[in-house]
Amino acid sequence: MRVRSLVVAILLVGGTLVLVLRKQDRVASELSRDTENQSKITNAPAVVIALAQPSAPEKTGSPLEKKIEELRLQSLEDFNKLLNRLRPYGKLQSTRDIYIQRRTNNAGGIKVEVEVRSENHKATFVAGPLNANGLHVNPFLQDGNLLTLFECLYDGSDTRRKPEAANEWYLSSGQWSKEEAVAESLRLAQAIGHQTNRVARHEVVAVPLTLKDPAGATVKATPFYKVDLYTDDDSRLLGVEYRMGKEPPGKVTRWFNWPPIKVR
Amino acid sequence: MTIKQGAIIGGALLLFTIHTTTAQRLAAGGVKREPVTPPAIGTFRSLTLNQPPFPFNPFPDLPVTQIKPGVYVYDDRSVDYVALRAEIAAKQAEDNAMMSAMKTMQAEDEESMGGGGMALMMGGAGLLLNIARTGDDGRRIYFDTAPGIVYTVEQSTNLTSWSVLDTIVADDTNEAFYAFGTDNRYYRVIQGSDLIQFPNFHPTVEQSCYIDIYTPVQGTARVEIYANGVTPWFIVEGGIPASGHFRVSDGLYNPNNWPNDGYYSVTNWEFRVTVTPTGLSAAAANQGIVYKKGRTRNPLHKGITVQAYGVLGQATPAVEEEVDNFMHYYFLANLQSSSQVDLTGALLNEFTEAAPKLFGATSRAQLRLLMFGSNNIPKAIDRLHYFGHGTNTSFFGIRISEARTNVFCTEPFTYIALDGCKTAQTTDMLGEYTCYWKPITRNEMIDRGLTPGFGCGWATEKDAAWLPTQGALVLKHYNFWVDFYGLDGGLTHRDLNGNGYFDKTYQDAADFAKDPSGNGVNPTVQHNDESGGFVMVGCLDCFFDL
């Protein structure tokens, strides 16, 4: 069954015209197989998430619209790649929601941002600014679908969406060294297309927390490991947050890279 | 680790206000004075050098003349300072000896570089006060520290009676305090014992009443915690773990509920720690006492976005209008994270034509009232974006000392952006407003029960002016802020699915503004070189509304 909805909203924020297109693709019947809890596949072969079947382009008139449709499809594919390569914390779901936002730019061009969501994860890709032909207005800059942010919606240290998620932190009894956290970050960065030879230094912060279990007993645990990788000009290339389970390794709960990269 | 029995007193005496050399004044006065035998302590000025005086006679063998009661001049015309400098340098290189009273030369060097005053080593090892002018009649007095050690800062006007100015628990390898005014004053710092240390010290108690302790002593520890100095909040006794590190808390805080786990109605906390070595009597115990302030948070944030009007000098009306437009953009961004007010405290909305402007003394008084309150008017705002001139200790004439007096940690700002030159040359001013002097992660805040706060400014001079020949602004500076705040990848970027959460942290936004890579407000800019010197403190991995 496929449910599609289209919501168009026009917002005027700070003098910038924002056009929001909401497309929702649900292909539940085609992807009814939910993967197992991520903690169970730690040592298993990578789970292949089936690509949600793309819908036919609704607009075929302009090159820009064709380009945006290409970006939408590419985002779906890249999101699945991320799930398979980062193997993030939390249950991997098959549902995909896609949100596309276009923003005008003071100097001309349309910036396109595509957000892909499953029930537990989301990724944000950017492209442009694009001209009317669907090409980057600056031919010297990287074109195409570029990853900026991948995150777990409910399992990271940011609990705004689900404050009670913190009640499970006490279960993070695994231990991980800072060296292991950095090594894992470099491995994952290479896996999705980073040039890790640019990394000149790193910072790791792992804070042991004195938590309480449901019975009110005190439990010492380190639920989150935060790794930042920097280039030699002190720019942060990558910021990763890992959530520790009952056993190492930690699993990605937030992945922010800037400048954005093409997912390999 | 070296264990020092007892306290080290690292003295340093500082004196201000020297404008002309003593020789010049004596020559001008034309008065002949007879040599005298001076006391051991007094004010001793050089006859030849334009430098602050010594509190003792550095050349006991040279003639000394009293020019007024307690003030003496030593006749150093026979001193070859160049040779003396070389001699001292050679000696230091030879055995890395303790600095002597001849540290005078270093003080000269500091002054020639724009510093001021002098610093003297009176005893102890490795503790030396340095002083630097701040550009607004202030002095920044700083010294190297060991994290976790307690330092007591004392002041005196006569070298005889000393009063405690501040007690500092070092959280870094350097700490500072400030002096304003032109009176003569001496300062000294007493370094506490390293038998009891307070690592990762934070000067407030908010959601969690705790103290982290380290001691190299093996034995037992007793920790007494007092609330408002009346009765012990609680007392804990027990064996010291082998690592020497332990935390004492009342156990009431639940990190699962951060950042809304509740607060204490306590203004002042006192932590008395006693450690007794194994097998020794109580007489051999060591005690350390530190203090924290009680901190409360108002969850209803309110802020102001202001510019110092005319900061660009003789700008054309078109340029001023352009600055107004940028300020309006900043205002709209800040309006998304908190209510915004004008200088009278009235609420503004998105249809306000321009962000408030500061003109002279009246608006300075209004801004002060909003920021600090008064005896009968509470502080109105906890968020601020300021654009205008600045120094490392003030902006728009509002000094760092006012923040220390009125805000310091008890009612901190949750967001402050000081867009002025050198406002973050050191993080002192951002720290006084936010209570955070360096970056701290969200998990560290969760661990300590602290409320998120963030501050940013510039460590360097900024090129925010306009190009006279073209009548246009240097846009890179303003574009940095647009990208930092903006929709493309800045603080106000939100989830697209309608939940509307901000999803870029302060660090993310700074990364984006620094290297917009063609995705920022100017699609031709990959790296914004105006971003150099941007300094952030507080919770860098928090969001604009948290």
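Each remark here, short or long, concerns the structure printed above.
Summary of the structure given here. In this convention, every chain numbers its residues from 1, walking through the sequence in written order. Each chain gets a letter, beginning with A, and each ligand a number, beginning with 1, in the order they are written. Only residues with pLDDT of at least 70 are given local features in this predicted model, and only at 80 or more are side-chain atom pairs given and counted; all residues enter the totals for whole chains, interfaces and linings. As a convention, hydrogens and water are excluded, and side-chain values are obtained from all of the structure's heavy atoms.

## Section: the overall build of chain B
By definition, any uninterrupted DSSP run of H or I lasting at least four residues is a helix, any uninterrupted run of E lasting at least two residues is a strand, and each is numbered from the N terminus. Regarding its fold elements, chain B presents 10 helices and 29 strands. Note on classification: 1.4 Å probe, protein chains only; a residue is buried when its accessible area is under 20% of the maximum for its type, exposed when over 50%, partly exposed between these limits. Taking all 546 residues of chain B together, the buried fraction comes to 56%. Contacts were defined at the residue level, with two residues in contact if any of their heavy atoms lie within 4.5 Å. Counted over contacts in chain B with a minimum sequence separation of 6, partners at least 24 positions apart contribute 68%. To be clear on the numbers: accessible area is Shrake-Rupley with a 1.4 Å probe, and residue cover counts the displayed protein chains and nothing else. About 22500 Å² of surface is accessible on chain B, with carbon and sulfur atoms providing 52% of the total.

## A word on empty space enclosed by the protein
A cavity, in this analysis, means grid points on a 1 Å lattice covering only the protein atoms where a 1.4 Å probe fits yet has no way out; a pocket is instead an open set bounded by protein on both sides within 12 Å along at least five of seven lines, and a residue lines either one if it has an atom within 4 Å of a point. Grid points are joined across faces, edges and corners, and a volume is the space filled by probe spheres set on the points. Using the criterion set out here, one finds eight cavities of 30 Å³ or more in the structure. In this structure, the largest cavity spans a volume of roughly 200 Å³. Around the largest cavity, the lining comprises 20 residues; the ones closest to its centre are A:K226, A:E241, A:R254, B:T505 and B:D541. Secondary structure elements with two or more residues in the lining of the largest cavity: β6 (146-152), β10 (224-231), β11 (236-243) and β12 (251-261) of chain A together with α10 (506-514) of chain B. Considering each element in turn, the lining of the largest cavity owes the most residues, four residues, to β11(A).

## Some remarks on the pairing of strand β12 (residues 210-214) of chain B
All names here are of chain B. Burial within β12 is extensive, with five of its five residues counted as buried. As paired elements, β12 and strand β15 (residues 245-249) share five bridges and run antiparallel to each other. Paired with Y214 across the bridge in β15 is H245. At least two DSSP bridges between two strands are needed for those strands to be called paired.

## Some thoughts on the sheet that holds strand β17 (residues 286-294) of chain B
The strands making up a sheet are joined through hydrogen bonds of the backbone, oriented either antiparallel or parallel. The strand order β11-β17-β16-β13-β14 (chain B) describes an open sheet built from five strands, whose pairing is mixed. On the outer flanks of this sheet lie β11 (204-205) and β14 (232-239) of chain B, each paired with one strand and no other.

## As for the packing of aromatic side chains
Residues and elements named next belong to chain B. Within 6.5 Å between ring centres, the rings of Phe, Tyr and Trp (the latter by its six-membered ring) count as paired, and their orientation is classed by plane angle as stacked under 30 degrees, edge-to-face over 60, tilted in between. As enumerated under the stated definition, the model contains 44 aromatic pairs over all chains in all. Ring centres 5.7 Å apart and planes at 65 degrees place the aromatic pair F387 and Y478 in the edge-to-face group. Residue F387 is located in strand β21 (residues 383-387), and its partner Y478 is located in helix α9 (residues 475-485); the two are separated by 91 residues in the primary sequence. Take F387 and Y478: they sit in the same class, and that class is buried. Aromatic side chains F484 and F534 sit 5.4 Å apart centroid to centroid with 70 degrees between the ring planes, which places their arrangement in the edge-to-face category. Note that F484 is positioned in helix α9 and F534 in strand β29 (residues 534-539), a separation of 50 residues in sequence. Of the two residues, F484 and F534, neither departs from the other in class, the shared state being buried. Ring pairs connect the aromatic residues Y330, Y415, F454, W458, F480, W481, F484, Y485, F502, Y506, F534 and F544, which therefore count as one cluster. When the ring centre of F271 is taken as origin, the NZ or CZ atom of K292, which lies over that ring, is 5.4 Å away. We call a charge positioned above a ring when the Lys NZ or Arg CZ atom is no farther than 6 Å from the ring centre and deviates by at most 35 degrees from the ring normal. One cation-aromatic arrangement involves K379 over F413; the distance from NZ or CZ to the ring centre is 4.5 Å.

## Regarding helix α5 (residues 360-372) of chain B
In a regular helix each residue adds 1.5 Å, so 13 residues correspond to 18 Å; α5(B) covers 18 Å between its end C-alpha atoms and thus fits that length. Directly after α5(B), the chain includes B:G373, whose backbone phi takes a positive value near 75 degrees. For a helix, the expected span equals 1.5 Å multiplied by the number of residues minus one.

## A few points about the sheet that holds strand β2 (residues 43-46) of chain B
All names here are of chain B. Here three strands make up an open sheet; going across it, the order is β2-β4-β3 and the pairing mixed. A single partner strand is all that each edge strand has here, and the edge strands are β2 and β3 (64-68). Averaged over all pairs of adjacent strands, the angle between their axes in this sheet comes to 35 degrees, without regard to strand direction. Where β3 lies against strand β4 (residues 71-74), four bridges are found, and the strand directions are antiparallel. Its bridge partner being in β4, T65 is matched across the sheet by V73. Note on method: axes are straight lines fitted to C-alpha atoms, helices fitted across the in-contact stretch only, with angles between N-to-C directions ranging 0 to 180 degrees.

## Notes on the interface of chain B and chain A
Contacts between the two partners involve 46 residues from chain B, matched on the other side by 49 residues from chain A. In this description, buried area is defined as the sum, over both parts, of the accessible area (probe of 1.4 Å) that is lost when the two are combined. Summed over the three residues of chain B that lose the most area to chain A, namely B:N256, B:N443 and B:L496, the buried surface amounts to 18% of that side. Salt-bridge detection follows one rule: a side-chain nitrogen of Lys or Arg within 4 Å of a carboxyl oxygen of Asp or Glu. For the interface between chain B and chain A, the tally reads 10 salt bridges. Contacts described as polar in this section are N or O atom pairs within 3.5 Å, which, within protein, must combine one atom able to donate a hydrogen with one able to accept it, while residues neighboring in sequence count only if both atoms come from side chains. Across the chain B-chain A interface, the total number found is 22 residue pairs in polar contact (both at pLDDT 80 or more). Going through the elements one at a time, α4 (317-335), α8 (442-448) and α10 of chain B are the ones with two or more residues in the side of chain B that touches chain A.

## With respect to the pattern of salt bridges
Residue and element names in this part refer to chain B. Going through the model one piece at a time under the given rule, you end up with 42 salt bridges over all chains. Where K438 meets D171, a salt bridge forms, and the shortest distance between an N and an O atom there is 3.6 Å. A residue pair is termed long-range when its members are at least 10 positions apart, and K438 in the loop between α7 (428-434) and β25 (439-440) and D171 in the loop between β8 (163-169) and β9 (174-180) qualify at 267 residues.

## Some points on the packing of α4(B) against α9(B)
Residue and element names in this part refer to chain B. Orientation of α4 relative to α9, taken along the N-to-C sense of each, is 15 degrees, at an axis distance of 10 Å. Relative to α9, the element α4 is oriented roughly parallel. The two elements α4 and α9 cross, and the hand of that crossing is left-handed. Along the contact surface, α4 presents E322, V323, F326, Y329, Y330, A333 and N334, while α9 presents L475, Y478, N479, W481, V482 and Y485. Note on terminology: angles under 35 degrees are roughly parallel, angles over 145 are roughly antiparallel, angles of 65 to 115 are roughly perpendicular, and the others are oblique. By the definition used in this description, the sense in which the near helix is turned from the far one sets the handedness, with an anticlockwise turn below a right angle giving left-handed and a clockwise turn giving right-handed.

## Description of the environment of B:W458
All names here are of chain B. For W458, the location among the structural elements is in strand β26 (residues 454-458). Judged by relative accessible area, which is 0%, W458 ranks as buried. C-alpha separation for the pair W458 and L348, spaced 110 residues apart in sequence, amounts to 28 Å. A polar contact is formed between the side chain of W458 and the side chain of D419, at a distance of 2.9 Å.

## Remarks on the nonpolar core
Ranked by size, the top nonpolar core spans 54 residues in total, and within it B:Y330, B:Y415, B:W481, B:F484, B:Y485 and B:F534 carry the most contacts. Where this core is concerned, the elements lending two or more residues are β8 (209-212) of chain A together with α4, β24 (415-419), α8, β26, α9, α10 and β29 of chain B. The leading source of residues in this core is α4(B), at nine residues. When near neighbours in sequence (up to four residues on either side) are disregarded, B:Y415 contacts B:N334, B:D382, B:R383, B:L384, B:F454, B:F484, B:Y485, B:L491, B:Y506 and B:F544. Core analysis: the second largest hydrophobic core is formed by 38 residues, A:I68, A:I100, A:F125 and A:V182 among them. Each nonpolar core is a collection of buried residues, namely Ala, Val, Leu, Ile, Met, Phe, Trp, Tyr and Cys, held together in the definition by side-chain atoms within 4.5 Å.

## Side note on the pairing of strand β4 (residues 110-117) of chain A
Residue and element names in this part refer to chain A. For β4, the buried fraction is high: seven of the eight residues fall into the buried class. The pairing of strand β3 (residues 96-104) with β4 spans eight bridges and is classified as antiparallel. Directly across from R103, in β4, lies its bridge partner K111. Both β4 and strand β5 (residues 121-130) contribute to a ladder of seven bridges, which runs antiparallel. When the sheet's bridge partners are listed, V114 is paired in β5 with F125. Connecting β4 to the antiparallel partner β5 that follows it, the hairpin turn spans three residues.

## Overview of the state of the cysteines
Residue and element names in this part refer to chain B. Counting rule for disulfides: a pair of cysteine sulfur atoms within 2.5 Å. This structure, assessed with the given rule, holds two disulfides over all chains. Linked covalently through their sulfurs, C409 and C435 form a disulfide whose S-S length is 1.9 Å. Judged by the sign of its S-S torsion, about 90 degrees, the cystine formed by C409 and C435 is right-handed. Of this pair, C409 sits in the loop between α6 (400-406) and β24 while C435 sits in the loop between α7 and β25, placing them 26 residues apart in sequence. The pair formed by C409 and C435 is uniform in burial state, with each residue classed as buried. C539 shares a disulfide with C542; S-S distance 2.0 Å. Of note, the bridge from C539 to C542 carries an S-S torsion of about 70 degrees and is right-handed in sense. Using a relative accessible area of 1% as the deciding quantity, one classes C539 as buried. With its bonded cysteines labelled in order along the sequence, chain B shows the pairing 1-2, 3-4. C209 takes part in no disulfide bond, and the closest cysteine sulfur, belonging to C435, lies 16 Å away. For C209, a relative accessible area of 0% puts it in the buried group.

Purely spatial values, then, with no claim about function.
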